[in-house]
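# Topology and contacts: notes
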Amino acid sequence: MPYKSTLQQVLKQTLLVLASAFLVFQSFGLLSGMDYYADISFWPAVFLAWVINMFITGIFAFAGFALPTQRLLPARYYHIANPGQLKRLYQAFGVEHFRKLLLATLWRSKAKQQRYFNGRADGLKHLAEQSKKAEFGHLLPFVLLSAVGTYIVFFVQPVLGILCLFINFLGNFYPVLLQRHHRMRLQRMAAIRTTARA
């Protein structure tokens, strides 16, 4: 029934927004107590850096699942204006290895992959939109966690801050490059199809 489906969708969106708000609250509480971690040892610092990254990234992930948050950035941001430079960055940072790791672990399920892209030409638009959503969900956490990590390095505990920055780099910067690389290829495909129709 359409009514039941709509109600379920609204309920799901509401729960995701509440989850995002909960992580905002938890992140604020965690970061406001940073002074207590000045003498933290290495392995607890690893765990804490991971938690900080998961909380802040989760804020934007849950919000992105519920709402079209990618539309907060202008369309021109998502257009790849310099494909050559992006390709060089992609290769320099070894993002292809990161992509293969994701396919072997988090994205191993074929069903999960097909929700992102069905493998057909009619799924390219959906793929592009999902790519924008995924990039936005990692871009803002990357910026925010870079600031948080830098603050921790200089004012709280250098090892904790460096760990926070390292996890952020792997968990957010790499996905941003990966999604931009996806759209670079989609742009190229779109240009070829436009040329073929002309």
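In short, a report on the structure. (Residues numbered from 1 in each chain as written. Predicted model: local features only at pLDDT ≥ 70, side-chain atom pairs only at ≥ 80, totals over all residues. Heavy atoms only, no water.)

### What to know about the overall build of the chain
Helix and strand counts for the chain stand at 8 helices and 0 strands. Secondary structure elements of the chain occur, N-terminal to C-terminal, as α-α-α-α-α-α-α-α. Seen along its three principal axes, the alpha-carbon backbone of the chain occupies a region of about 65 × 50 × 35 Å. Looking at the 198 residues of the chain, the share that counts as buried comes to 34%. Across the chain, contacts joining residues at least 24 apart in sequence account for 77% of those joining residues at least 6 apart. (Helix = DSSP H or I, 4+ residues; strand = E, 2+ residues; numbered from the N terminus. Buried < 20%, exposed > 50% of the residue type's maximum accessible area, 1.4 Å probe, protein only. Contact = heavy atoms within 4.5 Å.)

### Let's talk about the pattern of salt bridges
Following the criterion strictly, the structure yields 3 salt bridges and no others. With its nearest N and O atoms 2.9 Å apart, the salt bridge here joins Glu135 to Arg180. You can see Glu135 sitting in helix H7 (residues 124–155) and its partner Arg180 sitting in helix H8 (residues 158–197), a full 45 residues away along the chain. Per residue, the accessibility class of Glu135 equals that of Arg180, and both read buried. Residues Arg183 and Glu135 are paired through a salt bridge, measuring 2.4 Å at the closest nitrogen-oxygen approach. (Salt bridge = Lys/Arg side-chain N within 4 Å of Asp/Glu carboxyl O.)

### Topic: the side chain of Thr69
Relative to the assigned elements, Thr69 resides in the loop between helix H2 (42–66) and helix H3 (75–78). Thr69 sits in the buried class, given a relative accessible area of 11%. Other than its neighbours up to four places away in sequence, Thr69 contacts Ala63, Gly64 and Phe136.

### Quick word on the packing of H2 against H7
The axes of two packed helices give the description: the angle between them and the distance between them. The interhelical angle for the contact between H2 and H7, taken along N-to-C directions, is 150 degrees, at an axis separation of 9 Å. Relative to H7, the element H2 lies roughly antiparallel. For the pair H2 and H7, the sense of crossing is right-handed. Between H2, through Ile52, Asn53, Ile56, Thr57, Phe60 and Gly64, and H7, the contact on the second element is made entirely by Lys133, Gly137, His138, Leu140, Pro141, Leu144, Leu145, Val148 and Ile152. Each residue belonging to the contact of H2 with H7 can be placed in one class, and the counts come to 9 nonpolar, 5 polar and 1 charged. (Axes fitted to C-alpha atoms, helices over the stretch in contact; angles between N-to-C directions. Parallel < 35°, antiparallel > 145°, perpendicular 65-115°, else oblique. Left-handed = near helix turned anticlockwise from the far one by under 90°. Nonpolar A, V, L, I, M, F, W, Y, C, P; charged D, E, K, R; others polar.)

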